[in-house]
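# Architecture at a glance
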Amino acid sequence: MTTTTPTATIAASAEPALPAASKRRRRKARRSVPLTIAMLAALAYFVLPLLWLLIASTKSTQDLINTFGLWFSHAPQLLTNIKATFTQDDGVFVHWLINTAVYAGVSAFGAALLAAAGGYGFAKFRFRGDRVAFNLVVGAVMVPTTALAIPTYLLFAKAGLVNTPWAVILPSLVNPFGLYLMRVYAEDAVPDSLLEAARLDGAGETRIFFRIVLRLLGPGLVTVLLFTLVATWNNYFLPLIMLNDPNLYPITVGLSSWAAQAQNGGAGASSDMLALVTTGSLISIIPLVVAFLMLQRYWQSGLASGGVKQ
């Protein structure tokens, strides 16, 4: 007959509690003070400029100069600034907003479609020189767009496209990084067996691309679309050298011209011109925020599905 001592009983009863205690210690060990500080610093880096812009849009030019930047003035005038922004210079800000939406929208959809077609072609078709061509695309990612601005201007001047919307849209359709991204995504997202089955059913390559491949590349398309949308919306240097007509300006160049008027006191400048520049900057980022919030669910669903092994 076996007997258990009180000491053995206490030790046996304490054994199940050890894993829970070790888990708590592991959770505490995962908390890193330097990483937390770095995360808070990154959060402040991105949030503080937006907070300043929101607060500055409620101030007059005098309040922008004389009050603390991260706090409201005694007489907020956000609605007044918004109204003045849309009515300044006979409502030219509305033209700039429409121009920017057209440039960015057409460029984003066109660049996403071209990147999808090129990436799918490099991923699923083999032809002579395909590796060399793809390496050229990867090399083009490293070339800064500002280095190509002057040659692009000379080419468009020869073609008679300077000072037209096409001078901004056509260069924005070329997205080497988007093509590289779509090629990598298409390799796994588009099964070869599905393509072979569609071909056996008599579907042509164009029908396969538009009816099957584009649906499978949805998350990648949204990613390229968002990147191109933001890049074209915020593009400043290319429209600056391509466009001379203020009615064709995007928001970036238009607000820059207002800022120059505010500094130099040129024709059309008012005492609150600097306040109009800050308010116009706030209005210009709202469409980007709305577009991201509307499209992020497609982006997140694609990232989640890509993390599940089939």
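Residues numbered from 1 in each chain as written. Predicted model: local features only at pLDDT ≥ 70, side-chain atom pairs only at ≥ 80, totals over all residues. Heavy atoms only, no water.

### A word on the packing of helix α6 (residues 92–124) against helix α10 (residues 176–189)
Any two packed helices are characterised by the angle at which their axes cross and by the distance between the axes. Quick reminder of the rule: In this analysis an axis means a line fitted to C-alpha atoms, helices contributing only their contacting stretch, and an angle means the value between N-to-C directions, from 0 to 180 degrees. Secondary structure follows DSSP: runs of H or I at least 4 residues long count as helices, runs of E at least 2 residues long count as strands, and numbering of each begins at the N terminus. Each angle receives one of four descriptions, namely roughly parallel if under 35 degrees, roughly antiparallel if over 145, roughly perpendicular if within 65 to 115, and oblique otherwise. Crossing handedness is defined as follows: a turn of the near helix away from the far one that is anticlockwise and smaller than a right angle gives a left-handed crossing, while the clockwise case is right-handed. Throughout, a residue-residue contact means that at least one pair of heavy atoms, one from each residue, lies within 4.5 Å.
Between α6 and α10, the shortest axis-to-axis distance is 7 Å and the interhelical angle comes to 50 degrees. Considering their axes alone, α6 and α10 lie oblique with respect to each other. Judged by the sense of rotation from one axis to the other, the crossing of α6 with α10 is right-handed. On α10, the residues that touch Ala-115, Ala-116, Gly-118, Gly-119, Tyr-120, Phe-122, Ala-123 and Lys-124 of α6 are Gly-178, Leu-179, Met-182, Arg-183, Ala-186 and Glu-187.

### Side note on the layout of surface pockets
So the rule is basically this: Lining residues are those with an atom within 4 Å of a point, where the points come from a 1 Å grid over the protein atoms alone and group into cavities, where a 1.4 Å probe fits but cannot get out, or pockets, open sets with protein on both sides within 12 Å along at least five of seven lines. Grid points are joined across faces, edges and corners, and a volume is the space filled by probe spheres set on the points. Charged means Asp, Glu, Lys or Arg here, nonpolar means Ala, Val, Leu, Ile, Met, Phe, Trp, Tyr, Cys or Pro, and polar covers whatever is left, Gly included.
Estimated volume of the largest pocket: approximately 810 Å³. Taken together, 26 residues line the largest pocket, and the ones lying closest to its centre are Thr-145, Leu-148, Pro-171, Val-174 and Pro-176. Only α7 (130–141), α8 (149–159), α9 (166–172), α10, α13 (218–233) and α14 (237–242) provide two or more residues apiece to the lining of the largest pocket. Along the lines of polarity and charge, the residues of the lining of the largest pocket split into 17 nonpolar, nine polar and no charged.

### Let's talk about the packing of aromatic side chains
Heads up, the condition is: A pair of Phe, Tyr and Trp rings is counted when the ring centres sit within 6.5 Å of each other, with Trp represented by its six-membered ring. The angle between the planes then sorts it: under 30 degrees is stacked, over 60 is edge-to-face, the rest tilted. Whether a charge sits over a ring depends on NZ of Lys or CZ of Arg being within 6 Å of the ring centre and within 35 degrees of the ring normal.
By the definition in use, this model includes twelve aromatic pairs. Ring-pair connections join several aromatic residues into one group, and the members of that group are Phe-86, Phe-93, Trp-96 and Trp-258. Here the guanidinium or amino end of Arg-183 rests over the ring plane of Phe-134, the centre of that ring lying 4.3 Å away.

### A short note on the pattern of salt bridges
This is how it is decided: A pairing counts as a salt bridge when a side-chain nitrogen of Lys or Arg comes within 4 Å of a carboxyl oxygen of Asp or Glu. Residue burial is assigned from relative accessible area. The probe radius is 1.4 Å, only protein chains are included, and a residue is buried under 20% of its type maximum, exposed over 50%, and partly exposed in between.
Per the counting criterion, the structure on display carries four salt bridges. Across the pair Glu-187 and Arg-183 runs a salt bridge whose closest N-O atoms are separated by 3.2 Å. Of this pair, Glu-187 and Arg-183 both sit in helix α10, separated by four residues, roughly a single helical turn. Residue Glu-187 is classed as partly exposed on the basis of its relative accessible area, which comes to 34%. Between Arg-199 and Glu-205 there is a salt bridge whose closest N-O contact spans 2.8 Å.

### Some thoughts on the side chain of Ser-107
Note the cut-off: Contacts described as polar in this section are N or O atom pairs within 3.5 Å, which, within protein, must combine one atom able to donate a hydrogen with one able to accept it, while residues neighboring in sequence count only if both atoms come from side chains.
Along the chain, the position of Ser-107 falls in helix α6. Note on Ser-107: relative accessible area 0%, which makes it buried. Among the polar contacts made by the side chain of Ser-107, one reaches the main-chain carbonyl oxygen of Tyr-103 at a distance of 2.6 Å.

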